[in-house]
Amino acid sequence: MTAELVRGQNHPVSQSRVEIRVSAGTPVLALASLADEQGRFSGDGILAHPGARSQPGVRSPGELAERHTFAVDLDEVAADVHRLGVLLVLPPGGPVRFGAVPASYVAVADPDGAELAGYTLTGLDAETAVVALELYRRQGAWKVRAVGQGYAEGLGALLTDGGLPAPHAAELAAAALRTAARTAEADITLATMPTLVGDLRAPQTPAQAPAPAPEPPDPVVGHPYAGTSGPAPGGDTPASPPTISYAHPRRRRTSTEPPEPAPRAAAPQEPGQAPRPVAGDASGWSMEERLYNQVWGMFEDLARTVAAYRSAVEFADSRMDRELDEALSDPRHRLGGSGNAARDTARARREELVAQAQAVLDRDLTQLIAESEVVEPALPAAYARWDNPVWHGHRTPEESPLALRLGDLHLPERPDLRIPMLTRVPLERGLWIDNGRTGSEAAMTMDTDRLRRAAMDMAVALAVRLLAVHPADRFSVHVIDAAGAGSASLEPLVRAGVLAAPPAAGATGVTQTLARLTRRVDLVQMALRAGAPEDLPPDVDTADQLLIVHDFPHGFDDRAVTQLRYLADEGAAVGVHLLMIADRDEASAYGPLLDPLWRSLMRLSPVPDNHLADPWVHHAWTFEPDLPPQGSRVLDQALDRVVEARRTTRP
Amino acid sequence: MGRARERGQYVTVNMTKGQAISLQKADGGTLTAVRMGLGWQAAKRRGLFGSRTREIDLDASAVLFADKQPVDVVFFRHLQSDDGSVRHTGDNLVGGVGQGGDDEAILVDLQRVPVHIDQIVFTVNSFTGQTFQEVQNAFCRIVDETNGQELARYTLDGGGQYTAQIMAKVSRAGAGWQMTALGNPANGRTFQDLMPAILPHL
């Protein structure tokens, strides 16, 4: 059971060996600070950072990353250390404030991996260095408290505030950040980082644990970076620094612990105002899941507020109609101007109600737009638009994504408020990109060739996205392009060499590809039923498979159609997914027999089309595919990364 | 008028039929979210095997009206109004769960109720057909959802040969809202059967 802490809340920590896990939305530096009862730093060994990772009782992670793990042994922590802070610091050259990046999540876990307490750092703004959590002694036992407060001026200010003389603090902060900057600049893989960190690490002097005396020592003595530090500034003796507050801002400081503060709302806000939106401000086990839930929450909120608006307008209209009818049928109004007055009143009443409804809608839309503005930039690649900068820094991940962005959804009330259309991965249903002209109004106005090209380009962009967001070798793509009509769009995939086999052409190619995938589905199903997935023949690729079928039903005989239906029905459960690019009318010769196939697929359109309904109120949402910007090389770059990752993964 | 009763630090108004209370906080601020709670205890049970009397399934419903036109309804098959302002916490088929706690609850976010909705009527039906004679300790109450304080309680006293009751309505009054206890007996399996009985109360 994880206790979800809010800012200020505390939780007992009964184990002495714990792990602290950090999951940040952007690469951060994670450090541990060791302070005395008053939260003051004294002596050396007050900071576990990449240049000096081990301090008594705590080992900090080495490199700049989104995920970190600290190993903490509370029994080993020096007796005069009462507060062990977990610090997150934004590296120079990265995001400039925590308010601009997704909320980070920090958890305390036992050695078996079970989380004891977790805390999401919401409500941050200009901070660049924050104290995320604090482990502290209280009556002989350790507790954890969610802190979530920090300093806009960075790590140096944080250390200075803890009583470290300013030059010493600045130097220590610089030393911690230098390591991070170096690793970031070198842009090397994680595997090689420990070596680099090891080179930089100064000799550890755990024996010289800080003296219990509260008097801070000379900054030079015993400092790991003694060689680079300047002489101790005489005028800045820390014994009497009248300008420096030793207190953490907004935190009470007494030697005996004050009563535990009651949990309070994460973000202090003006009364009557909507809270400032924060990316990742939803429930979930990981940032990815929280963003997924947040996007779906925005989707629902937009559906519901528009439902309220439409219902009010509909009512206002019907009431006006009724009142106009009454005014017409009332014999008293037949003569004179009273009828006009009644009609004007009816119209004014409608306008007033509609204006009220509009005001409410506008308020909600403003809030959702503000949320969208912080959420969109924070999305991981799998959820992000192609024009999101996250794609430029994208690396082939270690784990499969939770969900995938298929495109954008919007309502006519506010077309510029786009909700990412996220669907869970692995896909539960196949996808069908409808390239038929009769499918939608926008398609009717396009000529067939352009429409088909757009549909195929969209399919390729989806395939690239799927390849890029899966670990190398965990996703393969097969293509059936019986008449070769899609070869222009498929060219990037073919050129990069990421397809499992060249696009299958002709009836033979169709038959072979379908037979291969059918066999795979059948074998994996059998293995799973028998509970022996390890007994699969070695030639069966257990990676998820995507089958792109272009120009159905060209090149398909009855047997192939049956196999395709089998894959549509049975494939998703064992990792074989269908992506059809087809015009339903061209398969009309099959009559109603294929209706179940089309129904089982999620229909997408290559042009904006309002055919998707939300699950709550069933508005018709306009779907727009997400395509790379014109002239962008983002697809090729993503494919290059896939190729590179596959090369390094394969033995 | 109902009598005010000290209950811990809160004062609960026990309402009588037809009585209206304004949903204003003691400090003059208006309420933002209220919960209509429904609780009941099932008829005494002898055992499970061989017992042919079914559990009692009461259902709470809320009907949203705009100028006496039903616009939306929240009940066990539609747990949230389309606009999201009224939400049912879920169907309870047997009652008697919390020994005096709410078995079903409908949450109303008064700030999010659409501008044209001016009345929300709360009803209770016996889905399984038992009359209120067989139900014990049935009550309906209004709770300030922001702090859990009970604002009003209405007891389904006496029971009687009825299978439904129109409990209360929350209606716009000036800039805020007020609640009126109705307590009108009726008959019906679901809220649809009650519509003719509801309309006179609007």
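Residues numbered from 1 in each chain as written. Chains lettered and ligands numbered in written order. Predicted model: local features only at pLDDT ≥ 70, side-chain atom pairs only at ≥ 80, totals over all residues.

### Comments concerning the overall build of chain A
Reasoning step 1: Of the regular secondary structure elements, chain A holds 12 helices and 21 strands.
Reasoning step 2: Taking all 651 residues of chain A together, 43% fall into the buried category.
Reasoning step 3: A separation of at least 24 residues holds for 70% of the contacts in chain A among residues at least 6 apart in sequence. (Helix = DSSP H or I, 4+ residues; strand = E, 2+ residues; numbered from the N terminus. Buried ≥ 20, exposed ≤ 12 C-beta atoms within 10 Å, placed from the backbone. Contact = placed C-beta atoms within 7 Å.)

### Points about the pairing of strand β11 (residues 149–155) of chain B
Reasoning step 1: Pairing between strand β10 (residues 136–144) of chain B and β11 of chain B: six bridges, direction antiparallel. Note that in β11 of chain B the partner of D144 of chain B across the bridge is Q149 of chain B. (Pairing = 2+ DSSP bridges.)

### A short note on the interface of chain A and chain B
Reasoning step 1: Taken together, the 13 residues of chain A in the interface contact nine residues of chain B.
Reasoning step 2: Breaking the side of chain A that touches chain B down by element, the ones donating at least two residues are α4 (287–329) and α5 (338–378) of chain A.
Reasoning step 3: No other element matches α4 of chain A, which puts eight residues into the side of chain A that touches chain B.
Reasoning step 4: Class assignment for the residues of the side of chain A that touches chain B results in nine nonpolar, two polar and two charged. (Nonpolar A, V, L, I, M, F, W, Y, C, P; charged D, E, K, R; others polar.)

### As for the sheet that holds strand β21 (residues 620–625) of chain A
Residue and element names in this part refer to chain A.
Reasoning step 1: Taking strand neighbours across the sheet as the criterion, the four strands line up as β14-β13-β21-β20 in an open arrangement whose pairing is antiparallel. A single partner strand is all that each edge strand has here, and the edge strands are β14 (419–424) and β20 (609–613). Ignoring strand direction, the axes of neighbouring strands in this sheet form an average angle of 50 degrees.
Reasoning step 2: Bridge count for β20 against β21 is three bridges, and the pairing is antiparallel. By the bridge assignment, D609 is partnered in β21 with F623.
Reasoning step 3: Most of the contacts of α4 go to β14, to which it runs at about 125 degrees, and overall it touches β13 (403–410) and β14. (Axes fitted to C-alpha atoms, helices over the stretch in contact; angles between N-to-C directions.)

### What about unusual backbone geometry?
Reasoning step 1: Here the residue pair V425 of chain A and P426 of chain A is connected by a cis peptide bond, since its omega of 0 degrees sits within 30 degrees of zero.
Reasoning step 2: On the secondary structure map, P426 of chain A appears in the loop between β14 and β15 (431–434).
Reasoning step 3: Even without being glycine, D473 of chain A reaches a positive phi, approximately 70 degrees.
Reasoning step 4: With respect to the helices and strands, the residue D473 of chain A is situated in the loop between α7 (448–469) and β16 (475–481).
Reasoning step 5: For D67 of chain B, which is not glycine, the phi dihedral falls at a positive 50 degrees.
Reasoning step 6: Of note, D67 of chain B is situated in the loop between β5 (58–66) and β6 (69–74).

### A look at the sheet that holds strand β12 (residues 164–173) of chain B
Paired through their backbone hydrogen bonds, the strands of a sheet run either parallel or antiparallel.
Residue and element names in this part refer to chain B.
Reasoning step 1: In spatial order, the strands read β3-β13-β12-β9-β5-β6; together these six strands make up an open sheet with antiparallel pairing. Single-partner strands in this sheet number two, and they are β3 (20–22) and β6. Taking each pair of neighbouring strands and ignoring which way they run, the sheet shows an average axis angle of 20 degrees.
Reasoning step 2: Alignment of β3 against strand β13 (residues 176–186), held across three bridges, turns out to be antiparallel. Residue pairing for β13: A20 is matched across the bridge by T180.

### Focus on the environment of L194 of chain B
Residue and element names in this part refer to chain B.
Reasoning step 1: Mapped onto the secondary structure, L194 falls in helix α1 (residues 191–198).
Reasoning step 2: On the basis of neighbour count, L194 is assigned to the buried category, with 24 C-beta atoms found within 10 Å.
Reasoning step 3: Separated by 69 residues in sequence, L194 and N125 place their C-alpha atoms 8.9 Å apart.
Reasoning step 4: In contact with L194, not counting residues within four places along its chain, are T123, A164, I166, A186 and G188.

### Points about α5 of chain A
Within an α-helix, residues lying three or four positions from one another point in the same direction, as the helix has 3.6 residues per turn.
Reasoning step 1: Compared with an ideal rise of 1.5 Å per residue, which puts 41 residues at 60 Å, α5 of chain A spans 60 Å between its outermost C-alpha atoms and is within 8% of the ideal.
Reasoning step 2: Summarising the contacts, the buried residues of α5 of chain A are in contact with β3 (17–35) and α4 of chain A. (Expected span 1.5 Å × (residues − 1).)

### Considering the packing of α7 of chain A against helix α8 (residues 487–496) of chain A
All names here are of chain A.
Reasoning step 1: It is the contact of α7 with α8, at a shortest axis distance of 8 Å, that shows an interaxial angle of 20 degrees. Judged on the interaxial angle alone, α8 and α7 are roughly parallel. Considering how the two elements wind past one another, α7 and α8 form a crossing that is right-handed. Listed contacts from α8 to R453, M456, D457, V460 and A463 of α7 are S489, L490, P492 and L493.
Reasoning step 2: Each residue belonging to the contact of α7 with α8 can be placed in one class, and the counts come to six nonpolar, one polar and two charged. (Parallel < 35°, antiparallel > 145°, perpendicular 65-115°, else oblique. Left-handed = near helix turned anticlockwise from the far one by under 90°.)

### Concerning the packing of helix α9 (residues 506–529) of chain A against helix α10 (residues 558–570) of chain A
Residues and elements named next belong to chain A.
Reasoning step 1: Put simply, α9 and α10 touch, their axes get as near as 10 Å, and they point 35 degrees apart. In this structure, α9 crosses over α10, and the sense of that crossing is left-handed. Contacts from V510, T511, L514, L517, T518, V521 and Q525 in α9 reach A560, Q563, L564, Y566, L567 and E570 in α10.

### A word on the nonpolar core
The tendency in soluble globular proteins is for nonpolar side chains to be buried side by side.
Reasoning step 1: A132, A459 and A463 of chain A together with A62 of chain B are the most contacted members of the largest nonpolar core, which totals 212 residues.
Reasoning step 2: Sort the elements by how many residues they give to this core and α4 of chain A lands first, with 16 residues.
Reasoning step 3: Apart from the residues lying within four places of it in its own chain, the contact partners of A459 of chain A are I433, I548, L579 and I581 of chain A. (Core = buried A, V, L, I, M, F, W, Y, C linked by C-beta atoms within 7 Å.)

### Quick look at the confidence of the model for chain B
For residues with low pLDDT, the predicted coordinates do not support detailed interpretation.
Residue and element names in this part refer to chain B.
Reasoning step 1: Of all residues in chain B, 78% have pLDDT values of 70 or greater, and the mean over the chain is 78.
Reasoning step 2: No element of chain B has a lower mean pLDDT than strand β1 (residues 4–7), at 35, and none a higher one than strand β7 (residues 86–88), at 95.
Reasoning step 3: With pLDDT under 50 throughout, residues 1–11 is counted as low confidence; its partners more than four residues away or in other chains account for 16 contacts.
Reasoning step 4: Both scores are given for the predicted complex: the pTM is 0.66, the ipTM 0.84. (pLDDT = per-residue confidence, 0-100.)

### What to know about α1 of chain B
Residue and element names in this part refer to chain B.
Reasoning step 1: Taken together, the buried positions of α1 are occupied by F191, L194 and I198. When α1 is viewed along its axis, its buried side chains cluster within an angular range of 55 degrees and face the same direction.
Reasoning step 2: Of the surrounding elements, those touching the buried residues of α1 are β5, β6, β9 (119–126), β12 and β13. (Arc of directions from axis to C-beta.)

### Focus: the pairing of β9 of chain B
Reasoning step 1: The element β9 of chain B is largely enclosed, with a buried count of eight among its eight residues.
Reasoning step 2: Alternating positions in β9 of chain B separate into two faces, Q119, V121, T123 and N125 of chain B on one and I120, F122, V124 and S126 of chain B on the other, with burial throughout.

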